[in-house]
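# Structural features, examined
One-letter residues, chain by chain:
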2 protein chains.
Amino acid sequence: MGYVEPHLDERCAACVVRDQALCASLADDELSALSAIGRSRPLARGQTLIWAGDSSSVCANIVTGVLKMATATADGREQIVGLLFPGDFVGQPFVEEASLTFAALTDASLCVYPREGFVEVLADYPALERLLLQRTMAALDDARARMLTLGRRSAGEKVAGFLLELGNRLPRRPGAPAAAGYVFDLPLGRAQIADVLGLTIETVSRQLTLLRASGVIALSGRRTVAIHEPTRLKRLAGAAGA
Amino acid sequence: MGYVEPHLDERCAACVVRDQALCASLADDELSALSAIGRSRPLARGQTLIWAGDSSSVCANIVTGVLKMATATADGREQIVGLLFPGDFVGQPFVEEASLTFAALTDASLCVYPREGFVEVLADYPALERLLLQRTMAALDDARARMLTLGRRSAGEKVAGFLLELGNRLPRRPGAPAAAGYVFDLPLGRAQIADVLGLTIETVSRQLTLLRASGVIALSGRRTVAIHEPTRLKRLAGAAGA
DNA sequence: CGGCCCGTTGACCAGGTTCAAGGGTTGTGG
DNA sequence: CCACAACCCTTGAACCTGGTCAACGGGCCG
């Protein structure tokens, strides 16, 4: 949108996720096909990239930040069906009308491609398509694991597992003493955690204060979590979350 | 397992799902690469093709019958994460150790490929890989829709939506009067329906008798369902299941 | 025909939701 | 730098959906 790129190869050369994102499947000199149709785009916390129901016109790689994927029932109940981190692929390349809403949970930067152009490039680079297939299958396994959580785990297990999962995928909070265990900042508020786990905001809050009261974790501010007893937390999660 | 094929091309020529399964992406003369490594295999109701935790050594296409995909928690609670119908692809080609159990809900026949061989053929036929990618993405959309159901819908909505979904994918019961509405046989028992929907067997049973009592459906025998008022059923499902 | 399994129904219980009110944090403007 | 307002989170109490435990009945198969 009136955003002018400095120079394409420059952007890729400096890219933080050059070899975590799908781009990792392409040699330096093959990257031009992708970068030719890509534009970098910032996305502020709270902004939506794609609305469910709109024509899904773009795909993207995440460079920095965290996004959510969400659906909702006709009467407005929301379910977050996945979180996306740097290096993850965003969008539904083969779908005309998006079935999911993609929005930023933190300030983020993306590398965005027009959907149709992306599909064409895909056809020209088998390694790219192969990697996307593998990632998609991994995403499917992840979705199915989450179905188990939604359908069969208790509120306590859900929250414990969620904290472990985030702790593994998120960078440690800068400047936290190592002895405090895993310390990180939640990219989601309580309401969004509830939407991930199929609970209400109150239940999430209560489970967190239970965990804090039992000394397994510590909470400071609204968003900072320290996992003091990972072993106990794993037991509470039903040995699921990591 | 000591099972001798009559003649490869013969098998494909007579195949009921020749152009619903992945094979649809291949021309007649390309099929040989797949059929060369494939073996047809019957699977009796209740039999398991792949156990979660075992090395996942095969993939398959379903020719006839219905399979389930399931996971379980460490302490044995089960969640069925998907049903598979004729033409659907079975297995986790890029995974060494299966994370799901695949088992037959009805007598079934499959076309089975060794996992590694299948991956190799995939690399040689771009159209095959492309179609598998599209199917996998569709499966992902399906899984995410089901996450919404598991996380955010009530027992009544779950059961109503489930019946609608089955009604759309299952053949009508042979010899049923058209005036009776959609009539079909459930391929699952109550316990398995409960495992699909994240409920208990008792809740499923109660919801079904509620639907019957209100005249929306009729039940006869243990497995036959007739949908008498599809419109009302859709409203009860939250306009989700079809 | 008889036994077994599966499904149904009932009574009770509990986890989680709902409704409501009361603090803390955060970010903003003076 | 502090004060203030908005928002988010926490906590409490009552309610309700769905789970649990238990007994019964009916269909299906041998």
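Nothing here was measured: the structure is a model prediction, and the numbers come from that model.

Moving on to the protein's contact with DNA strand D. Neighbouring DNA strand D are 18 residues; Ser-205 and Thr-209 of chain A together with Ala-155, Thr-203 and Arg-206 of chain B lie closest to it. A breakdown of the atoms of DNA strand D within 4 Å of the protein gives sugar and phosphate a share of 68%. Glu-202 of chain B places a polar side-chain atom, nitrogen or oxygen, 3.1 Å from a base nitrogen of DNA strand D. Between DNA strand D and the protein, one listed contact pairs a base oxygen with a side-chain N or O atom of Arg-206 of chain B at 2.8 Å. If you list the elements that add at least two residues to the surface near DNA strand D, you get helix 7 (201–213) of chain A together with helix 7 (201–213) of chain B. Looking at the surface near DNA strand D element by element, the count peaks at five residues for helix 7 of chain A. A breakdown of the residues in the surface near DNA strand D according to their chemical character gives two nonpolar, eight polar and eight charged.

With 45 residues of chain B at the contact, the number on the chain A side is 45 residues. In total, chain B and chain A occlude about 3800 Å² of area from one another, counting both sides; carbon and sulfur atoms represent 63% of this. Of all residues in chain B, Arg-144, Met-147 and Arg-152 of chain B give up the largest surface area on contact with chain A, accounting jointly for 21% of the area buried on that side. In this assembly, chain B and chain A are joined by six salt bridges. Taking the shortest distance from any N to any O, the salt bridge between Glu-129 of chain A and Arg-130 of chain B comes out at 2.9 Å. Counting residues per element, the ones that place at least two in the side of chain B that touches chain A are strand 4 (67–72), strand 5 (78–84), helix 3 (115–124), helix 4 (126–152) and helix 6 (190–197) of chain B. The element best represented in the side of chain B that touches chain A is helix 4 of chain B, accounting for 18 residues. Its residues assigned to classes, the side of chain B that touches chain A shows 23 nonpolar, 11 polar and 11 charged.

Definitions and limits used
Residues numbered from 1 in each chain as written. Chains lettered and ligands numbered in written order. Predicted model: local features only at pLDDT ≥ 70, side-chain atom pairs only at ≥ 80, totals over all residues. Heavy atoms only, no water. Near = heavy atom within 4 Å. Polar contact = N/O pair within 3.5 Å; in protein donor to acceptor, adjacent residues only side chain to side chain. Helix = DSSP H or I, 4+ residues; strand = E, 2+ residues; numbered from the N terminus. Nonpolar A, V, L, I, M, F, W, Y, C, P; charged D, E, K, R; others polar. Contact = heavy atoms within 4.5 Å. Buried area = accessible area lost by both parts, 1.4 Å probe. Salt bridge = Lys/Arg side-chain N within 4 Å of Asp/Glu carboxyl O.

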